[in-house]
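# Structural description and commentary
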Amino acid sequence: MDPFRSISFHPSLIFLFLFLLLIHGVRSFYLPGVAPEDFQKGDLLRVKVNKLTSIRTQLPYSYYSLPYCKPKKIVDSAENLGEVLRGDRIENSPYTFKMREPQMCNVACRITLDKRQAKDLKEKIKDEYRVNMILDNLPLVVPIQRQDQGSPPIYQHGFHVGLKGQYSGSKEEKYFIHNHLAFTVKYHRDLPTDMTRIVGFEVKPFSIKHEYEGQWNDNTRLKTCDPHSKHTVVNSNTPQEVEENNEIIFTFDVEFQESEVKWASRWDTYLLMSDDQIHWFSIVNSLMIVLFLSGMVAMIMLRTLYRDISKYNELETQEEAQEETGWKLVHGDVFRPPSHSDLLCIYVGTGVQFFGMILVTMIFAILGFLSPSNRGGLMTAMLLLWVFMGLFGGYSSARLYKMFKGTEWKRIALRTALMFPAIAFAIFFVLNALIWGQKSSGAVPFGTMFALVFLWFGISVPLVFVGSYIGSKKPAVEDPVKTNKIPRQIPEQAWYMNPAFSVLIGGILPFGAVFIELFFILTSIWLNQFYYIFGFLFLVFIILVITCAEITVVLCYFQLCSEDYLWWWRSYLTSGSSALYLFLYATFYFYTKLEITKLVSAILYFGYMVIISCAFFVFTGTIGFYACFWFTRLIYSSVKID
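Conventions adopted
- The residue count restarts for each chain, going from 1 along the sequence in the order it is written.
- Restriction of local features to residues with pLDDT of at least 70 applies here, the model being predicted, together with a cutoff of 80 or more for giving and counting side-chain atom pairs; totals for whole chains, interfaces and linings are based on all residues.
- Working from all heavy atoms in the structure, the side-chain values ignore hydrogens and water.
- UniProt positions are given in the numbering used here, feature names are shortened, and annotations may be inferred rather than shown by experiment.
- A run of H or I in DSSP becomes a helix once it reaches four residues, and a run of E becomes a strand once it reaches two; helices and strands are each numbered from the N terminus.
- When accessible area is computed with a 1.4 Å probe and restricted to protein chains, residues below 20% of their type maximum are described as buried, those above 50% as exposed, and intermediate ones as partly exposed.
- Working definition of accessibility: Shrake-Rupley area with a 1.4 Å probe, residue cover restricted to the visible protein chains.
- Count a disulfide wherever a pair of cysteine sulfur atoms falls within 2.5 Å.
- Throughout, an axis means a line fitted to C-alpha atoms (over the contacting stretch in the case of helices), and angles, computed between N-to-C directions, take values from 0 to 180 degrees.
- Angle categories are assigned with fixed cut-offs, so that under 35 degrees is roughly parallel, over 145 is roughly antiparallel, 65 to 115 is roughly perpendicular, and the rest are oblique.
- For a crossing to be left-handed, the near helix must be turned anticlockwise from the far one by less than a right angle; the clockwise case is right-handed.
- Between two residues, a contact is recorded if the distance between any of their heavy atoms is within 4.5 Å.
- Classification of ring pairs rests on two measures: the distance between centres of Phe, Tyr or Trp rings, Trp counted by its six-membered ring, which must be within 6.5 Å, and the angle between planes, read as stacked under 30 degrees, edge-to-face over 60 and tilted in between.
- A ring has a charge above it when a Lys NZ or an Arg CZ is no more than 6 Å from the ring centre and no more than 35 degrees off the ring normal.
- Residue count minus one, scaled by 1.5 Å, sets the expected span of a helix.
- To obtain the bend at a residue, axes are fitted to the seven residues ending there and to the seven starting there, and the angle between these axes is taken.
- What makes a salt bridge here is a side-chain nitrogen of Lys or Arg within 4 Å of a carboxyl oxygen of Asp or Glu, nothing more.

With an unreviewed UniProt entry as reference, the chain is termed Transmembrane 9 superfamily member, source organism Trapa incisa. In its Sequence similarities (unreviewed entry) section, the UniProt entry covering the chain states "Belongs to the nonaspanin (TM9SF) (TC 9.A.2) family."

Right under this line is the structure:
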């Protein structure tokens, strides 16, 4: 006897089992076509610099907006659309060294601060800005040892521009710059060929007031850092103060360490996460919600509806049927087109567009196409997928519009193509103007703005029209029962069936299924951390879809049983209301986890969270709507109407 023959699995448990393998495998999976670069001893290594970032202001700045050492000619690296929108500005730097050839106390440059430069440095130090660098596509990190000595270190992305402090015996706060960088390049060596690949790029920053004798020239030897006497910088006991007319000498060391880590796994240490248990708790918590709702849906479908339909089909009298339940009594009104049906079609079409974008993005992500090594890839993919999913958005809105007996499909197509993008673009444009005002590198250049408008009007809008044309040519969806000419009067409802109350209650469970994962997503966006656990995220996505569908079906059934047939908009709003809880949680996160103090930064945060919440609203609302649409057609097509 087959021991598994008598066991049945819930779909969500099967998904959990299938994606267990993907959750850990995705960490070291790389974009196909990205090949490792091999280095011989003595090969030139060029460090690139990226934007300056701060979790206190959320406003990135170009590296060379501060008085750092510059190469003879600054060259911008080619950036994809996602990188530009993120504010990345990748440029060359004077930090160059040779593979497996350690260097000590190399002088990068010497500068004297003027008043404006000193002011800029103090502002960036006060706002806790970090310097980001890149070597062989690996970001620079600062290893921070945990209190538990046996645990691996925590890696901080980038090093702080400087630090604040007081001299002993003084209460006056001073600003000090990190002007000495001790780089560590970790490499994996192939013994037969003696070729090496870079697997780590770390730094320990120090602030030191360098001293030298005589007049400064190219051959001047430092007393505070001299490779000839093996005297190097190991602490910041005599820091370099930031003040007008102060001389600052920038120096660096380079150390090379052989590592057992292979190139394919080099990102694992950067993405080391100690919160696996929290994610599993989130998954189990969400699965409990799904199982509970699945039980309720099963009870409704298998017991209540089966009994109701059986009795209705035995041609019971109307009075007897009314004693059992009231959902059949509204069969003549349940498919009556809702008020503002045009707007509902637009929202549903937009939601389908989002659903397609998110689903395909998730699939690409778990297959490794959007790993953190592919900077800006995630945002670029989402934008392009949104544009191309306009085909399905237009098709969905036109199909629904035709079912409502609409004839002006071109008007619906235009509004579907313009409404949500116009709202998002208007908010984005205002926020971008604020960023321009702050002279931040996060401001989107005119050329990129033009590219976004072209994607919208040149590709997305035509595709929405193509989809709408195809949808309008399809035969209209037939209702399973006829609609009465005169609307039935809806009886007075119990307080718990009040539309506002039931809608707000309906959004709690979908939000509850995702809020733990939401914390990590917000942290990756606003605290400049990598988010890479797409296996977990895909599981949460599936659970969210199931939860939205099931809670809407349950509440829709209760609504129909109380002889309220106005389910169209309520089904959309029931699951869509989870976006309200998302925005409330984002507000809570702002006040409890972020240290944003500037008004512009706060406006940026809430502006982008409004866009995200609106997107979440149409996405979850569309799932609830289609679940209810399927449910009502299923139950009313199963009964014989007198």
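A tally of regular secondary structure across the chain gives 16 helices and 13 strands. The buried share among the 642 residues of the chain stands at 52%. Surface summary for the chain: the accessible area is close to 31,100 Å², and the carbon and sulfur share equals 61%.

On to the state of the cysteines. Inspection of every chain in the model, using the stated rule, returns 2 disulfides. Note on cysteine connectivity: C69 is disulfide-linked to C109, with sulfurs 1.9 Å apart. Residues C69 and C109 are joined through a disulfide that is left-handed, its torsion about the S-S bond being -80°. Placement of the pair is C69 in the loop between β1 (44-53) and α2 (81-86) and C109 in strand β3 (residues 103-112), with a sequence separation of 40 residues. On the basis of relative accessibility, which here comes to 18%, the residue C109 falls in the buried class.

Axes are the key here: two packed helices are described by the angle between their axes and the distance separating the axes. Where helix α12 (residues 508-526) meets helix α13 (residues 534-561), the axes come as close as 8 Å, and the angle between the chain directions of the two elements is 160°. By the angle between their directions, the pair α12 and α13 is classed as roughly antiparallel. For the pair α12 and α13, the sense of crossing is left-handed. The residues of α13 that touch α12, namely those facing L509, P510, A513, V514, E517 and I521, are F536, L537, V540, I543, L544, T547, C548 and I551.

The next point concerns the packing of aromatic side chains. According to the stated counting rule, one finds 55 aromatic pairs in the structure shown. With 6.0 Å between their ring centres and 85° between their planes, Y347 and F617 make a pair best called edge-to-face. Separated by 270 residues along the polypeptide, Y347 in helix α6 (residues 341-366) and F617 in helix α16 (residues 599-636) bring together distant segments of the chain. Judged by its relative accessible area of 22%, Y347 is partly exposed. Joined through ring pairs, the aromatic side chains of Y95, F97, F183, F201, F252 and F256 make up one cluster. Positioned above the aromatic ring of Y61, the side-chain terminus of K124 is 4.3 Å from the ring centre. Note that K124 overlies the ring of Y129, its terminal NZ or CZ placed 5.6 Å from the centroid.

Where α6 meets helix α9 (residues 409-437), the axes come as close as 9 Å, and the angle between the chain directions of the two elements is 55°. The orientation of α6 relative to α9 falls into the category oblique. Judged by the sense of rotation from one axis to the other, the crossing of α6 with α9 is right-handed. Contacts between α6 and α9 involve D342, L343, C345, I346, Y347, G349, T350 and F354 on the former and, on the latter, R411, I412, R415, T416, M419 and F420.

Counted at 1.5 Å a residue, the expected span for helix α10 (residues 446-473) with its 28 residues is 40 Å, and the 40 Å between its end C-alpha atoms agrees. For α10, the principal kink sits at S460 and spans about 30°; a proline, P462, occurs within the next four residues. All of the buried residues in α10 are T448, M449, L452, L455, W456, S460, V461, V464, G467, S468, G471 and S472.

It is worth spelling out the pattern of salt bridges at this point. Close approach of charged atoms allows side chains with opposite charge to pair. In this structure the tally under the stated criterion is 22 salt bridges. Where R197 meets D38, a salt bridge forms, and the shortest distance between an N and an O atom there is 2.6 Å. One end of the pair, R197, is in strand β12 (residues 195-206); the other, D38, is in the loop between α1 (11-25) and β1, with 159 residues separating them in the sequence. Here D38 falls in the partly exposed class, since its relative accessible area comes to 37%. In this structure, R266 engages D136 in a salt bridge whose closest nitrogen and oxygen atoms are separated by 3.0 Å. Taken as a pair, R266 in the loop between β13 (247-258) and α4 (276-313) and D136 in the loop between β4 (130-135) and β5 (138-139) lie far apart in primary sequence, 130 residues in all.

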